[in-house]
Amino acid sequence: MNRLYDILPFVPVPTEVADDLAAHGLSGLEQSALRALWHSTDMAALRDRLRAALEPLEADAAMRAGDALAAKFFNACLDVVGWELDPAWPERMRAQWLALQLAAVPVGLSARVASVVVTTLQADLAAQRASLSALDAMLIQIVSRIGFFLVGLLDGAASVAEAQARLLAEYVEPDSGLPNRAALEQIFLPAEADEPSSAMLAVALMWGGSAIVLNSADRDRARIEVGRALAKRARAGDSLCRVGDDEWVLWAPGIGAGVRPQLAAAALLEAGEQAMRNVGLAAHATLAVGGALTPEDGGTADKVFNAARRARAAALREGRTIRIAGPELELERAERVQIEREFIEALRNNAFDLHLQPVIQLSDGECAAAEALLRWQRADGSAVSPLLLVAMAEQFGLMQQLTRLVVQRATAMLSELSVQGVPIGLAVNLAGSDLRDPELPEFIAQAIATWRIAPQRLTLELTEGSMIADDAQTMSVIARLRDAGHGVALDDFGTGYSSLAWLRRLPATRLKIDKMFVQKMPETAQDRAIVRSVVQLAQGLGLSVIAEGVEREEHLQMLRAMGCDAAQGFHIAKPMPVDAFVAWWRHWNSEHQAAWPPVSG
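These numbers were taken from a predicted model, which means no experiment stands behind them. (Residues numbered from 1 in each chain as written. Predicted model: local features only at pLDDT ≥ 70, side-chain atom pairs only at ≥ 80, totals over all residues. Heavy atoms only, no water.)

Undergrad: Residue-level account of the sheet that holds strand 6 (residues 353–361), with values.
TA: Spatial ordering of the closed barrel is given by 6-7-8-9-10-11-12-13, a layout of 8 strands whose pairing is mixed. Against the sheet, helix 15 (residues 399–419) contacts strand 6, strand 7 (367–375), strand 8 (425–430) and strand 9 (458–463), and its axis sits at roughly 175 degrees relative to strand 8. (Pairing = 2+ DSSP bridges. Helix = DSSP H or I, 4+ residues; strand = E, 2+ residues; numbered from the N terminus. Contact = heavy atoms within 4.5 Å. Axes fitted to C-alpha atoms, helices over the stretch in contact; angles between N-to-C directions.)

Written as structure tokens, this is what we have:
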């Protein structure tokens, strides 16, 4: 990957020493003259005299920069004695001088140092001769030019360093040392129609709910390692920029269209994921990559960057980790904008439904509860994924409004079910943001009172990640809900970040095992062991256990044998509208529950 001053041509760099020497008239003839001078001089004695002459300046520099830095620079100054115009000594001088500059040594010191060097060398030259020859006169001029050369070398280096510092502050992300978003704007160059396409690949590191347990140092360490890993995958000529705390962009000029951007994105994803595994934090975050091309997806950095971000967002909505932009993405974007408009209108008009999925007790087959699941059908008859509903609500800051709508509908439904002789309980899902709403318990209490139902009939389900936040307000809201008599269920257990200590502290009443473990039980002993252990652990902590994702009779029988309390899934029944649920419930109670075999002891 290129250095910053390779990819930003306006960042100044120090001039070449050889060019500076030539500019000051220091070349082959002068080199021969200096060689003759040093052969006729006691160089050790001359170094001692020069050291003594420089001591006051060194003492002044040491007061500002410290003894070590000052000593390094002034020791380098002594090497002018014996110098035959090779570039190595000036380059060393320049490096030591820049170190002093960083320690706030005044720029004017360079002229004073050069003056002392010139004066000492010329005095020594004059002292050794009774009269000056033509060669001696030439040497005096050469020494003067060396003085001017030194001043130009050191002052020029300081000026370049200062200019670089200003530009680096503007174009470099300080923590990683990578080019930033402003640099990306500068290095972007749209490809012409007859040239291979160039690509922007936007990489995002997305922290999960479990990352709340990490401190800032852990996250920073992961970010640095991910950035390093991504940089190693860049080709010569590519540029990796850090454009946010958890976002990087690889600019890949001339990569071409077709499969190459996809392969490059896959390489970046693999590198980032490996870096997260190396630092031991892979369980707390995921990565995704979106790509866009120029000229196909835009002719400016902003347009291509935004297209890459949209591609990444589309990949995440589809459950993928990589996507490259294309014409179909713009069609999808237009469709999403339309869905978002309809969603806001539906929320305003209370146009959502709740479907009920039965939960049965495994001991006797009774259906005493159901989970209320949000459903929305658009005007054209198409159904919208509940995950998309929640994502849009969070995107527009409408999660609180949506949750309250669901609670109102669920409590009204409980009242309606009672009237129809179906005295079951309902569970509704809360989002993590709901737990930071201190007014939520009071709102639920008002809804319960309005519809005159017992609080025990309404259970509130919270995802594992949302309950991990070690936040006093969150824990207070959960405790208030439980103290009011509501069941509190920990949903999708096993997919987030749990520990025994957390389970013991959480004010939950029940635990729901995620379907990913339940569905694989017949095939894998490991999943059977996990489910059995979770059942025993939860019951040991006083929690009832519900298994999700029961889709086969084998699942049901294994869970009964393990002592699991309840189950739900397609093998029992799919989610259904309330009228269909009432009919199902009556049929189940009259047919299936009566024939439910007892649990073998």
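Undergrad: Outline the pattern of salt bridges, supporting the account with residue identities and numerical values.
TA: Any two side chains of opposite charge can pair, so long as their charged atoms come close to each other. Taken as a whole and judged by the stated rule, the model has 28 salt bridges. Between Arg223 and Asp246 there is a salt bridge, and its shortest N-O distance comes to 2.6 Å. A residue pair is termed long-range when its members are at least 10 positions apart, and Arg223 in helix 10 (residues 216–232) and Asp246 in the loop between strand 2 (239–244) and strand 3 (247–252) qualify at 23 residues. Accessibility classification places Arg223 together with Asp246 in one group, the buried group. Between Lys512 and Glu548 there is a salt bridge, and its shortest N-O distance comes to 3.5 Å. With Lys512 in strand 11 (residues 510–513) and Glu548 in the loop between strand 12 (544–547) and helix 22 (553–562), this pair connects stretches of sequence that are 36 residues apart. (Salt bridge = Lys/Arg side-chain N within 4 Å of Asp/Glu carboxyl O. Buried < 20%, exposed > 50% of the residue type's maximum accessible area, 1.4 Å probe, protein only.)

Undergrad: Explain the packing of aromatic side chains to me, and be specific about the residues and the numbers.
TA: One pass over the structure, following the stated rule, counts 10 aromatic pairs. Here Phe73 and Phe74 contribute two aromatic rings whose centre-to-centre distance is 5.1 Å and whose plane-to-plane angle is 80 degrees, an arrangement assigned as edge-to-face. Using a relative accessible area of 2% as the deciding quantity, one classes Phe74 as buried. Note on Phe73 and Trp97: the rings are 5.5 Å apart at their centroids and 45 degrees apart in plane angle, and the pair reads as tilted. Linking Phe73 in helix 5 (residues 67–78) with Trp97 in helix 6 (residues 88–102), this pair joins segments that are 24 residues apart in sequence. (Phe/Tyr/Trp six-rings, centres within 6.5 Å; stacked < 30°, edge-to-face > 60°.)

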